[in-house]
Amino acid sequence: AQTVTQSQPEMSVQEAETVTLSCTYDTSESDYYLFWYKQPPSRQMILVIRQEAYKQQNATENRFSVNFQKAAKSFSLKISDSQLGDAAMYFCAYNGMNSGYSTLTFGKGTMLLVSP
Amino acid sequence: DVKVTQSSRYLVKRTGEKVFLECVQDMDHENMFWYRQDPGLGLRLIYFSYDVKMKEKGDIPEGYSVSREKKERFSLILESASTNQTSMYLCASSFQGEAFFGQGTRLTVV
């Protein structure tokens, strides 16, 4: 079974600074998807960024980028120029492409606090 | 945009009641899921469905059942609610690995 580990229960950053959230995963599959989701106080889960394992290039979405290290099974999220609206719970998630059924496995989450 | 709608945002039920949580998606996705979210535990998969009338147990199916009579609707059933089922419940559908979530139902069992 796949597992996803987020070792930082909580992180803090000041506005305009950069923060990196860590995620590692364990899998025997070669093809898979990785995701970062954001859950603000409204509770609505929002996709931040996705990465296909076969792509060597790290995904980027505006101020959000990932550092995908396939051999190390590491998938960290970097938030640049942090804003107050970035404060939320962030979940790392894995989905195998070769699984008989497509299910997402989530980490336990990292709460990001942003201070003025 | 994909829309996943859960029937209730907040629910309060009594111990022993039969509880139905409804979820509807409008994008013709085949896969649908029910997760439970608890502080410090992240999201845990209860049940999922990959087609109409098909269902598979997730990691924590005990005390729950599901129904999928139509492609767009996936219901979670608590046969006899207990206080340890007080939690946030999230429904999702997925396409190409990506999950699309409803707004969540916060269920309190008293």
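The rules we used
- Residues numbered from 1 in each chain as written.
- Chains lettered and ligands numbered in written order.
- Predicted model: local features only at pLDDT ≥ 70, side-chain atom pairs only at ≥ 80, totals over all residues.
- Heavy atoms only, no water.
- Helix = DSSP H or I, 4+ residues; strand = E, 2+ residues; numbered from the N terminus.
- Buried < 20%, exposed > 50% of the residue type's maximum accessible area, 1.4 Å probe, protein only.
- Polar contact = N/O pair within 3.5 Å; in protein donor to acceptor, adjacent residues only side chain to side chain.
- Contact = heavy atoms within 4.5 Å.
- 1 Å grid on protein atoms, 1.4 Å probe; cavity = no way out; pocket = protein on both sides within 12 Å on 5 of 7 lines; lining within 4 Å.
- Points joined across faces, edges and corners; volume = space filled by probe spheres on them.
- Nonpolar A, V, L, I, M, F, W, Y, C, P; charged D, E, K, R; others polar.
- Disulfide = S-S within 2.5 Å.

**A word on the side chain of A:Gln6**
Residue and element names in this part refer to chain A.
Next, step 1: Within the secondary structure, Gln6 is located in the loop between β1 (3–5) and β2 (10–14).
Next, step 2: With a relative accessible area of 10%, Gln6 lands in the buried category.
Next, step 3: At a separation of 3.0 Å, a polar atom in the side chain of Gln6 contacts the main-chain carbonyl oxygen of Tyr90.
Next, step 4: At 3.3 Å, the side chain of Gln6 forms a polar contact with the side chain of Thr110.
Next, step 5: Among all residues touching Gln6, those that are not within four sequence positions of it are Ser22, Trp36, Tyr90, Phe91, Cys92, Gly107, Lys108, Gly109 and Thr110.

**Observations concerning the environment of B:Gln25**
Residue and element names in this part refer to chain B.
Next, step 1: With respect to the helices and strands, Gln25 occurs in strand β4 (residues 23–25).
Next, step 2: Among all residues touching Gln25, those that are not within four sequence positions of it are Lys3, Val4, Met32, Arg68, Lys71, Glu72 and Ser93.
Next, step 3: Looking at Gln25, its side chain comes within polar contact range of the main-chain nitrogen of Asp28, at 3.1 Å.

**Comments concerning the layout of surface pockets**
Next, step 1: There is about 310 Å³ of room inside the second largest pocket.
Next, step 2: What lines the second largest pocket is a set of 17 residues, and nearest its centre among them are A:Gln39, A:Met89, B:Gln37, B:Pro39 and B:Arg106.
Next, step 3: Elements with a contribution of two residues or more to the lining of the second largest pocket: β10 (88–96) of chain A together with β5 (31–38) and β10 (87–95) of chain B.
Next, step 4: When residues in the lining of the second largest pocket are grouped by element, the largest group, three residues, is from β10(A).
Next, step 5: Here the lining of the second largest pocket is composed, by residue class, of eight nonpolar, five polar and four charged.

**Let's talk about the state of the cysteines**
A covalent bond between the sulfur atoms of two cysteines is what we call a disulfide.
Next, step 1: Following the criterion strictly, the structure yields two disulfides over all chains and no others.
Next, step 2: Shown here is the disulfide that connects A:Cys23 with A:Cys92, its sulfur atoms set 2.0 Å apart. In this structure, the disulfide formed by A:Cys23 and A:Cys92 twists by about -70° around the S-S bond and is classed as left-handed. Of this pair, A:Cys23 sits in the loop between β3 (19–21) and β4 (24–26) while A:Cys92 sits in strand β10, and the two are 69 residues apart along the sequence. With respect to burial, A:Cys23 and A:Cys92 carry one shared label: buried.
Next, step 3: Each sulfur of the disulfide joining B:Cys23 and B:Cys91 lies 1.9 Å from the other.

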